[in-house]
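Residue-level structure breakdown
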Protein chains: 2
Amino acid sequence: PMEALNTAQGARDFIYSLHSTERSCLLKELHRFESIAIAQEKLEAPPPTPGQLRYVFIHNAIPFIGFGFLDNAIMIVAGTHIEMSIGIILGISTMAAAALGNLVSDLAGLGLAGYVEALASRLGLSIPDLTPKQVDMWQTRLSTHLGKAVGVTIGCILGMFPLIFFGGGEEDEKLETKS
Amino acid sequence: PMEALNTAQGARDFIYSLHSTERSCLLKELHRFESIAIAQEKLEAPPPTPGQLRYVFIHNAIPFIGFGFLDNAIMIVAGTHIEMSIGIILGISTMAAAALGNLVSDLAGLGLAGYVEALASRLGLSIPDLTPKQVDMWQTRLSTHLGKAVGVTIGCILGMFPLIFFGGGEEDEKLETKS
């Protein structure tokens, strides 16, 4: 989320952005999680097993494959269309057209935010069953961040597929139209 | 957030991604918000004033100016460097180099996620004081989304400044190296 949740203001900011169903669901689950955490406070918790960590890795990668794929595919398609239309009139470079395509992709990201998640949670595996203590362990954090990084890398590379259709040709095309 | 918070699984997923300080802060604020919401359930709430809506608009725009700026600036700088290095060896198009730059920018976004927020909340205005009912009104939702869209647009355009240094020249340079 965009808000820093460890401040009252950031937390309130975030709560404002939620719908009432999300707020009540989040409140119920937070209650559950914190009461388990308190109940197990005294217990020693073994670190997550390698199997659990792989699960956490994959669980976090899947939504980010979707995000990276859409982010890059939209950027390339929009950027190439901009280049071939107003790009020629304004004589802007391919990189400038790509930057405008990136704006289109960010705007789409704002609109799509809800859907990629919903899709991912249905596609994705159910959440790993870890105790509150295990959730906070560095192994779990590392698997989570690595999963997201690998997921967005796979997604971005897959999202380059429109280049096959556009190929490198658009630069030659542009030169023909210019000369 | 990436998780769909209106499902138990999505909410739990999101809770797993939080640190313990964030969880306790969020729980406290959610409690506060929901108790006010229940207390005021019977009361009629006037819609937010235009001044409040402008405030909501600006409050949501500021962090996204930062996000859009970084997203585009990193994409352009990384994309241009990729183009001028492995791009020439592999003979990939500028758009392909931009797509790889976008991957770098997404990875940086994963890493920077916490900092842009923290910076924005310090820079940003304090949160608008709306009643729970006003938060859920369509006027507030519209101002929130418009603020984010306008913010990311301003940010992305400002983030194109590296092009001034790179200019369109890199295409001509590439042609020289190719011929």
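Just above, that's the structure.
Heads up: these notes are all about the structure in this document. Only a predicted model underlies this, so the values are computations on that prediction, with no experimental measurement involved. (Residues numbered from 1 in each chain as written. Chains lettered and ligands numbered in written order. Predicted model: local features only at pLDDT ≥ 70, side-chain atom pairs only at ≥ 80, totals over all residues. Heavy atoms only, no water.)

**Side note on the environment of Val77 of chain B**
All names here are of chain B. Of note, Val77 is situated in helix α3 (residues 50-90). Residue classification places Val77 among the partly exposed positions, given a relative accessible area of 32%. Along the chain, Val77 and Phe165 lie 88 residues apart, while their C-alpha atoms are 9.9 Å from each other. Not counting chain neighbours up to four residues away, the residues in contact with Val77 comprise Pro162 and Phe166. (Helix = DSSP H or I, 4+ residues; strand = E, 2+ residues; numbered from the N terminus. Buried < 20%, exposed > 50% of the residue type's maximum accessible area, 1.4 Å probe, protein only. Contact = heavy atoms within 4.5 Å.)

**Points about the relation of the copies chain A and chain B**
It takes a turn of 180 degrees to lay chain A on chain B, together with a shift of 0.0 Å along the axis; the resulting RMSD is 0.0 Å. The symmetry that links the two subunits is that of a two-fold axis. A symmetric contact is evident, with 100% of the interface residues of chain A recurring at the interface of chain B. (Least-squares fit on C-alpha atoms with pLDDT ≥ 70 in both.)

**Quick word on α3 of chain B**
Along α3 of chain B, the largest kink reaches about 45 degrees and is centred on Glu83 of chain B. Remark: Gly91 of chain B follows α3 of chain B within two positions and exhibits a positive phi of approximately 65 degrees. (Bend = angle between axes of the 7 residues up to and from the residue.)

**Here we look at the environment of Ile157 of chain B**
Residues and elements named next belong to chain B. Residue placement: Ile157 occurs in helix α6 (residues 138-158). Residue class for Ile157 comes out partly exposed when judged on its relative accessible area of 47%. Measuring from C-alpha to C-alpha, the distance between Ile157 and Ser93 comes to 23 Å, with 64 residues separating the pair along the chain.

**Digging into the packing of aromatic side chains**
Residue and element names in this part refer to chain A. Considering all chains together, one arrives at nine aromatic pairs over all chains under this definition. An angle of 90 degrees between the planes, with centres 6.3 Å apart, marks the rings of Phe161 and Phe165 as edge-to-face. The class for Phe165 is exposed, based on a relative accessible area of 65%. In textbook terms, an aromatic cluster arises when at least three aromatic residues are bridged by ring pairs, as seen for Phe69, Phe161 and Phe165. (Phe/Tyr/Trp six-rings, centres within 6.5 Å; stacked < 30°, edge-to-face > 60°.)

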